[in-house]
Amino acid sequence: MRRLMLGLMFMLLPGLAVANDVPRPDDSRALQGLEEARILWDVTASDPGALLARLGVIEQTYRDLERQGVMPRMVFGFRGGSVRLLTRDAPDRNIEHAQTILQIHSKLAELHALAGVERMEVCSIASRRSGITQADLVEPLVEVGNTFVTAAAYAQRGYAKIKID
């Protein structure tokens, strides 16, 4: 029985190695001729788990662009319910999701440290409605007057707006 199991293992191992070496599809047609990709992430996701998952997809997007030789240029605009998750006291106010909120804060710092991640903005209209000031926000977030105004300005500079809700 032991020999049979060892034999099966040796037969399956090469197949496992091949499965890991399968090339990922690329985006070469869409990226043809581009040296950089400018993205404005319009973030409104207010569910902590959903926001954390979407930040992971944003990081994967960054890595996919980089892997394919295109420099990511990213700006984040947080508005709506997402703003309540971005304060220093958010984990204390939402004990049920405290761990996830702390992971969100950590992921934001990681993303901000990436080359080409230029700015992370919070809409003061949303923050004012929630009683949040710049002093309440975790770093590297910066409060701006109106993320609709900044979104329009970034669009004029060639940033594609991608909604994250």
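This structure is a prediction, so every number in the text was calculated from the model and none was measured. (Residues numbered from 1 in each chain as written. Predicted model: local features only at pLDDT ≥ 70, side-chain atom pairs only at ≥ 80, totals over all residues. Heavy atoms only, no water.)

### Description of the packing of aromatic side chains
Both the distance between ring centres and the angle between the ring planes are used here to describe each pair of aromatic rings. Enumeration according to the criterion identifies two aromatic pairs in this entry. A centroid spacing of 6.1 Å and a plane angle of 10 degrees characterise the contact between phenylalanine 76 and phenylalanine 78, whose relative ring orientation is stacked. Note on accessibility: phenylalanine 76 and phenylalanine 78 belong to one class, buried. With 5.3 Å between their ring centres and 70 degrees between their planes, tyrosine 154 and tyrosine 159 make a pair best called edge-to-face. (Phe/Tyr/Trp six-rings, centres within 6.5 Å; stacked < 30°, edge-to-face > 60°. Buried < 20%, exposed > 50% of the residue type's maximum accessible area, 1.4 Å probe, protein only.)

### As for empty space enclosed by the protein
In this approach, a probe sized like a water molecule rolls over the atoms, and the result shows the empty space that is left. Applying the stated criterion to the full structure yields one cavity of 30 Å³ or more. The computed volume of the largest cavity comes to approximately 70 Å³. Lining the largest cavity we find Leu40, Trp41, Asp42, Gly77, Arg79, Glu121, Thr147, Phe148, Thr150, Ala151 and Lys161. Ranked by the residues each element gives to the lining of the largest cavity, the list is headed by helix 7 (residues 147–156), at four residues. Of the residues belonging to the lining of the largest cavity, the class tally is four nonpolar, three polar and four charged. (1 Å grid on protein atoms, 1.4 Å probe; cavity = no way out; pocket = protein on both sides within 12 Å on 5 of 7 lines; lining within 4 Å. Points joined across faces, edges and corners; volume = space filled by probe spheres on them. Helix = DSSP H or I, 4+ residues; strand = E, 2+ residues; numbered from the N terminus. Nonpolar A, V, L, I, M, F, W, Y, C, P; charged D, E, K, R; others polar.)

### Brief notes about the pattern of salt bridges
The full count for this structure, using the stated rule, is 13 salt bridges. One salt bridge connects arginine 24 with aspartate 64, and the closest N-O pair in it is separated by 3.1 Å. Remark: aspartate 64 occurs in helix 3 (residues 48–67) and arginine 24 occurs in the loop between helix 1 (2–20) and helix 2 (28–31); sequence separation between them is 40 residues. Classification of aspartate 64 by relative accessible area gives buried; the value is 15%. With a shortest N-O distance of 3.0 Å, glutamate 36 and arginine 73 are connected by a salt bridge. Of this pair, glutamate 36 sits in strand 1 (residues 36–43) while arginine 73 sits in strand 2 (residues 71–78), and the two are 37 residues apart along the sequence. When its relative accessible area of 26% is taken as the criterion, glutamate 36 is described as partly exposed. A single salt-bridge network, built from bridges that share partners, covers Glu59, Arg63, Glu66, Lys107 and Glu110. (Salt bridge = Lys/Arg side-chain N within 4 Å of Asp/Glu carboxyl O.)

### Regarding the sheet that holds strand 2
Ordered by their spatial adjacency, five strands build an open sheet running 4-3-2-1-5, and the pairing between neighbours is parallel. Taken across any chain shown, the strands that pair with only one partner, and hence form the sheet edges, are strand 4 (142–144) and strand 5 (160–164). Pairs of neighbouring strands in the sheet enclose a mean axial angle of 30 degrees, with direction left out of account. Note: strand 1 against strand 5, five bridges, orientation parallel. Paired with leucine 40 across the two strands is lysine 161, which belongs to strand 5. On top of the sheet, helix 5 (residues 98–113) reaches strand 2 and strand 3 (117–123); it is set at about 140 degrees to strand 3, its chief contact. Strand contacts of helix 7: strand 1, strand 2, strand 3 and strand 4, with the helix running at about 150 degrees to strand 3, the strand carrying the most contacts. (Pairing = 2+ DSSP bridges. Axes fitted to C-alpha atoms, helices over the stretch in contact; angles between N-to-C directions. Contact = heavy atoms within 4.5 Å.)

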